[in-house]
Amino acid sequence: MSYIAITIRAAAAQTDLLIAQLSELKYEGFEEQTDTLIAYIPAVDFDEAALQEQLDAHGVTYTKETILPVNWNAVWESNFQPVQVDSFCGIRAEFHPPFDPQPVHEIIITPKMAFGTGHHATTASMIKLMEQLDFKGKRVFDFGTGTGILAILAEMMGAAAIDAIDYDEWSVNNTLENIAANGMRKVKVWQADNLDAITGKYDILLANINYNILMKFMGDMYGLLVPGGKLLLSGILPTDEENITAEAVSKGFTGEGRIEKDNWLALRFYVPELK
């Protein structure tokens, strides 16, 4: 199958939203570089008018290149390197040797096109926020699971049950592969783009998505957490911190932590206990 590679000149602040919107147009893979996003789509699914309309709304330009059939697994494997978040968590592919010395947790990720390998600052910062919490016996919800890396880590940290959703079928399938590769038994994942059908209550909610989705669903996320429950957010630029925090507080959350890395923020909030 031939692919079209679209190279977009875009600021970091636009990247997450562009990925979300282009995914809805059947783009299957993304490569982030400095001030550049490369998006890949099967040639049979390429709609230039739809792309132009989407990019015009952002005021960005693009170039187009046709890529002849390639072994995509080989391409992604060649570009995927192990990553370690301090001594707490290491992420590698099956074809990499185990870490030496071993981190507290080691996660095997199949290097496909779903977001969340630990290389991006947002994922690494979410992992650092998770390290600060006790997951033992907790019910966890992962909103926008990507590769499933955070859901898998939650089970490794002792969570009793983890529910995970993603709007993208590719991500759901990749998460299922990664769940199996790591021998996980407590992660349930399915495809969904909203929280309307979620009726359970959770102790910890993980949401590594983007600013617009976080703002839209802040009230819904509050409603899914028990008193004392924790909300961990990322996909936020420092310039958006004030708005995100104000929205969270307006819905009832209290802020209690932040990590900033490579011009990206991860924030932690909690639901106050009932008096």
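Conventions adopted
Residues numbered from 1 in each chain as written. Predicted model: local features only at pLDDT ≥ 70, side-chain atom pairs only at ≥ 80, totals over all residues. Heavy atoms only, no water. Salt bridge = Lys/Arg side-chain N within 4 Å of Asp/Glu carboxyl O. Helix = DSSP H or I, 4+ residues; strand = E, 2+ residues; numbered from the N terminus. Buried < 20%, exposed > 50% of the residue type's maximum accessible area, 1.4 Å probe, protein only. Phe/Tyr/Trp six-rings, centres within 6.5 Å; stacked < 30°, edge-to-face > 60°. Lys NZ or Arg CZ within 6 Å of the ring centre and 35° of its normal. Pairing = 2+ DSSP bridges. Axes fitted to C-alpha atoms, helices over the stretch in contact; angles between N-to-C directions. Contact = heavy atoms within 4.5 Å. Patch = residues over 30% accessible without salt bridge, like charges linked within 9 Å, V, L, I, M, F, W, Y side chains within 5 Å. Areas by Shrake-Rupley, 256 points an atom, 1.4 Å probe, with all protein chains shown as cover. Lys, Arg positive; Asp, Glu negative; His and termini not counted. Charge placed at Lys NZ, Arg CZ, Asp CG, Glu CD.

J.: Lay out the pattern of salt bridges in plain terms, naming residues and giving numbers.
T.: Applying the stated criterion across every chain, the model contains ten salt bridges. Its salt-bridge partner being Arg-268, residue Glu-256 comes within 2.9 Å of it at the nearest N-O pair. Linking Glu-256 in strand β13 (residues 254-261) with Arg-268 in strand β14 (residues 264-270), this pair joins segments that are twelve residues apart in sequence. Here Arg-268 falls in the buried class, since its relative accessible area comes to 10%. One salt bridge in this structure joins Glu-260 and Arg-258, with 3.3 Å as the shortest N-O distance. Accessibility expressed as a relative area gives 42% for Arg-258, which makes it partly exposed. Here the salt bridges do not stand alone but share partners, grouping Lys-230, Glu-256 and Arg-268 into one network.

J.: Please provide a residue-by-residue account of the packing of aromatic side chains, values included.
T.: By the definition in use, this model includes five aromatic pairs. Their ring planes at 50 degrees and their centres at 6.5 Å tell us that Phe-141 and Phe-143 sit as a pair that is tilted. Accessibility expressed as a relative area gives 0% for Phe-141, which makes it buried. The class of Phe-143 is buried, set by a relative accessible area of 5%. Both rings, one in Phe-141 and one in Tyr-202, keep their centres 5.2 Å apart while their planes meet at 55 degrees; by these two values the pair is tilted. One end of the pair, Phe-141, is in strand β8 (residues 139-143); the other, Tyr-202, is in strand β11 (residues 202-208), and 61 residues separate them in sequence. Summarising the burial analysis for this pair, Phe-141 and Tyr-202 share the class buried. Every member of this aromatic cluster is reached through a ring pair, and the members are Phe-141, Phe-143, Tyr-202 and Phe-217. Cation over ring: Lys-188 sits above Trp-190, and NZ or CZ is 5.2 Å from the ring centre.

J.: I'd like a rundown of the sheet that holds strand β2 (residues 29-33), residues and numbers included.
T.: Across the sheet, which stays open at both edges, the four strands sit in the order β2-β3-β1-β4 with antiparallel pairing between neighbours. This sheet does not close on itself; its edge strands, each paired only once, are β2 and β4 (62-67). Direction aside, neighbouring strands of the sheet carry axes that sit 20 degrees apart on average. Direction of pairing for β2 relative to strand β3 (residues 36-42): antiparallel, over a ladder of five bridges. Bridge pairing in β3 places Glu-31 opposite Ile-38. Strands in contact with helix α1 (residues 12-23) are β1 (3-9), β2 and β3; relative to β2, the strand with the most contacts, it is inclined by about 165 degrees. Contacts between helix α2 (residues 48-56) and the sheet are confined to β1 and β4, with β4 contributing the most and set at about 150 degrees to the helix.

J.: Got a sec to walk through a negative patch on the surface? Specific residues and values, please.
T.: A cluster of acidic residues, Glu-24, Asp-193, Asp-196 and Asp-220, forms a negative patch on the protein surface. Residue placement: Glu-24 occurs in the loop between α1 and β2. A relative accessible area of 63% means that Glu-24 is categorised as exposed.

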